[in-house]
Amino acid sequence: LRYEVDTSGILPITTEIFKMFPDKLEKWRRPFYEVLQNYENSSVVLPAFYNTRNTDVSFRVKYMLDDFDSQRGVFFFHPQYLLNVQRFWAVQGVRAKRLSSGLMLVTAALELCEEVHLYGFWAFPMNPAGIFITHHYYDNVKPRPGFHAMPHEIFNFIHMHTRGIISVHTGHCT
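Residues numbered from 1 in each chain as written. Predicted model: local features only at pLDDT ≥ 70, side-chain atom pairs only at ≥ 80, totals over all residues. Heavy atoms only, no water.

Selection criterion: UniProt positions are given in the numbering used here, feature names are shortened, and annotations may be inferred rather than shown by experiment.
By the naming in an unreviewed UniProt entry, the protein chain is Alpha-2,8-sialyltransferase 8E, taken from Xenoophorus captivus. Regarding the protein chain, the relevant UniProt record gives this comment under Sequence similarities (unreviewed entry): "Belongs to the glycosyltransferase 29 family." Quoted verbatim from the Subcellular location (unreviewed entry) heading of the UniProt record, the comment on the protein chain is "Golgi apparatus membrane".

Right, dumping it as structure tokens:
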């Protein structure tokens, strides 16, 4: 992803950089901070109150950024907001133990942004061109069965795409 060309300078929000380092954040503080520097002018949005595991890691991320005197905004989803998001998507057919962090962010983006473009969202082992792809861009570790409802999330994204609500991009970034 070439930030300026692919996003036109629009604020990118991702949770995957958060997932790349969570258990080793104490050891990898500087590398994690340096990875975040690639996302100029972006904020970090964390589901600190979604479950107890996320609370500890989310606060470690926030304190790490404070220690480096980062000016980057750190935001936590309100627990009632996450409960409402879960209820909304359950009505849409997305029933899982936990919503994916991507679905949380897409929902927030739909509420905050005039235009939403999704890159890298796909829940199947092959992309639409028939090429095998990994689950995340940095690994191929899949969630436990029933943990997330990724196919249902993607079907909802595609449905919104066909209705012109969002733009789903499944090809290579230019």
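Anyway, onward from the coordinates.
### Observations regarding the confidence of the model for the protein chain
For clarity, the threshold we go by: For every residue, the predictor reports its confidence as pLDDT, a number between 0 and 100. In this analysis, two residues are considered to be in contact whenever any of their non-hydrogen atoms come within 4.5 Å of each other.
Summary statistics for the protein chain give a mean pLDDT of 78 and a share of 77% for residues scoring 70 or more. This model gives residues 1-13 a pLDDT under 50, and the stretch forms 22 contacts once residues within four places in sequence are excluded.

### Considering the environment of Asn-51
Condition: Secondary structure elements follow DSSP: runs of H or I of four or more residues count as helices, runs of E of two or more count as strands, with numbering from the N terminus. The buried label applies to any residue whose accessible area, calculated with a 1.4 Å probe on protein chains only, is under 20% of its type's maximum; exposed applies above 50%, and partly exposed to all values in between.
Relative to the helices and strands, Asn-51 is located in the loop between β1 (44-46) and α4 (52-67). By relative accessible area, which is 12% here, Asn-51 ends up buried. Along the sequence, Asn-51 and Pro-79 sit 28 residues apart, while their C-alpha atoms lie 9.3 Å from each other.

### Some details on the packing of helix α5 (residues 79-91) against helix α6 (residues 101-112)
Condition: Every axis corresponds to a line fitted to the C-alpha atoms, with the helix fit spanning only the stretch in contact, and the corresponding angles, defined between N-to-C directions, vary from 0 to 180 degrees. Angular relationships are summarised with four words: roughly parallel below 35 degrees, roughly antiparallel beyond 145, roughly perpendicular across 65 to 115, and oblique for the angles in between. Charged residues are taken to be Asp, Glu, Lys and Arg, nonpolar residues to be Ala, Val, Leu, Ile, Met, Phe, Trp, Tyr, Cys and Pro, and polar residues to be all remaining types, Gly included.
One way to put it is that α5 packs onto α6 with a least axis distance of 11 Å and a crossing angle of 95°. Relative to α6, the element α5 is oriented roughly perpendicular. Counted together, Tyr-81, Leu-82, Val-85 and Trp-89 of α5 and Leu-103, Met-104, Thr-107, Ala-108 and Glu-111 of α6 form the full contact between these two elements. The class makeup of the residues in the contact of α5 with α6 is 7 nonpolar, 1 polar and 1 charged.

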